[in-house]
Every structure is written in structure tokens, then in C-alpha cells.
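In case you want the letters, here they are:
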Amino acid sequence: MIIGIDSYKGVNGFTDNEINEMCSFLQGAVYCWCKNRKDEWFVARDLIGGDNYFWEGTPLMRLYEYYLNDEQDNGEYAVEEAGKAAGRLLKKVLFEDKRVFETQEGYTRMYRWTGEE
């Protein structure tokens, strides 16, 4: 549950199984964050960006492949759009989570576990 959020925008173009796998992957990342950095705010890039940008071999790689356009020289479009889609999936994961999260809007949406279930 996310305090103050009552809906989220979905991600289209994927099977239910693919969505479930991506969400399970993100759920694992959220559980790790909450265990190790309980009181800290996080954004999607904290979980799956920066040092964790290499998605090959993970369910999230499907997002990048979906947005990859052969006309793009370096795949920057795919990286940007896959990141946005991953952020929407993260919101879905947190929205459906049994724990309670608070949120703040900034350049990107930030979340923090309140410690409540």
C-alpha cells in the first residue's frame, strides 16, 4: 500500500506471466532495500539503476528489448522508456504490497517503508 495513491498506470505489451516475473524481481529488490536500509527513501534507479543497470539475465531485460528500436544508434530511447516502465511496475508492486509505504514527488517518485504492515 502506498499512502495517498489509489491507482497506478500499467505497462502494456507483455504477457501476464512476463509482468508477474518482472514484478517478482522488483519485489525482491524492495525486500532487500527495506531490510538493509529501512528508514531511507528510494527510487527505482536505486534498485535497478546505477551499479545495477545490467539487466541481462533478469526479467527486466524484456522491457529494454521491447523498447529497442533498430533505427536508434545506441538504444538511448530503449533505456529511457524501459526505465519509465520499470518505475510504473515498481509503483504496482508497492501498491499491492502488504506493507505501507509513503511517497514524495520530485524529479522521480520516491518511496519509503513506514515500518507498518
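To be clear, the structure that these remarks concern was listed above.
Student: Summarise the side chain of K92; cite the residues concerned and give the values.
Tutor: Considering the arrangement of structural elements, one finds K92 in helix 4 (residues 76-96). Classification of K92 by relative accessible area gives buried; the value is 17%. Not counting residues within four places of it along the chain, the set of residues in contact with K92 comprises Y8, I19 and C23.

Student: How would you explain helix 1 (residues 16-36) if you had to name every residue and give the values?
Tutor: Here helix 1 spans 30 Å end to end across 21 residues, near enough to the 30 Å set by a 1.5 Å rise per residue. All of the buried residues along helix 1 are I19, M22, C23, L26, A29, V30, W33 and C34. All buried residues of helix 1 lie within an arc of 135° about the axis, which places them on one face of the element. Exposed side of helix 1, more than 90 degrees from the buried face: S24, K35 and N36 are the residues found there.

Thresholds applied
- Residues numbered from 1 in each chain as written.
- Predicted model: local features only at pLDDT ≥ 70, side-chain atom pairs only at ≥ 80, totals over all residues.
- Heavy atoms only, no water.
- Helix = DSSP H or I, 4+ residues; strand = E, 2+ residues; numbered from the N terminus.
- Buried < 20%, exposed > 50% of the residue type's maximum accessible area, 1.4 Å probe, protein only.
- Contact = heavy atoms within 4.5 Å.
- Expected span 1.5 Å × (residues − 1).
- Arc of directions from axis to C-beta.

These results come straight from atomic positions and should not be treated as a statement about function.
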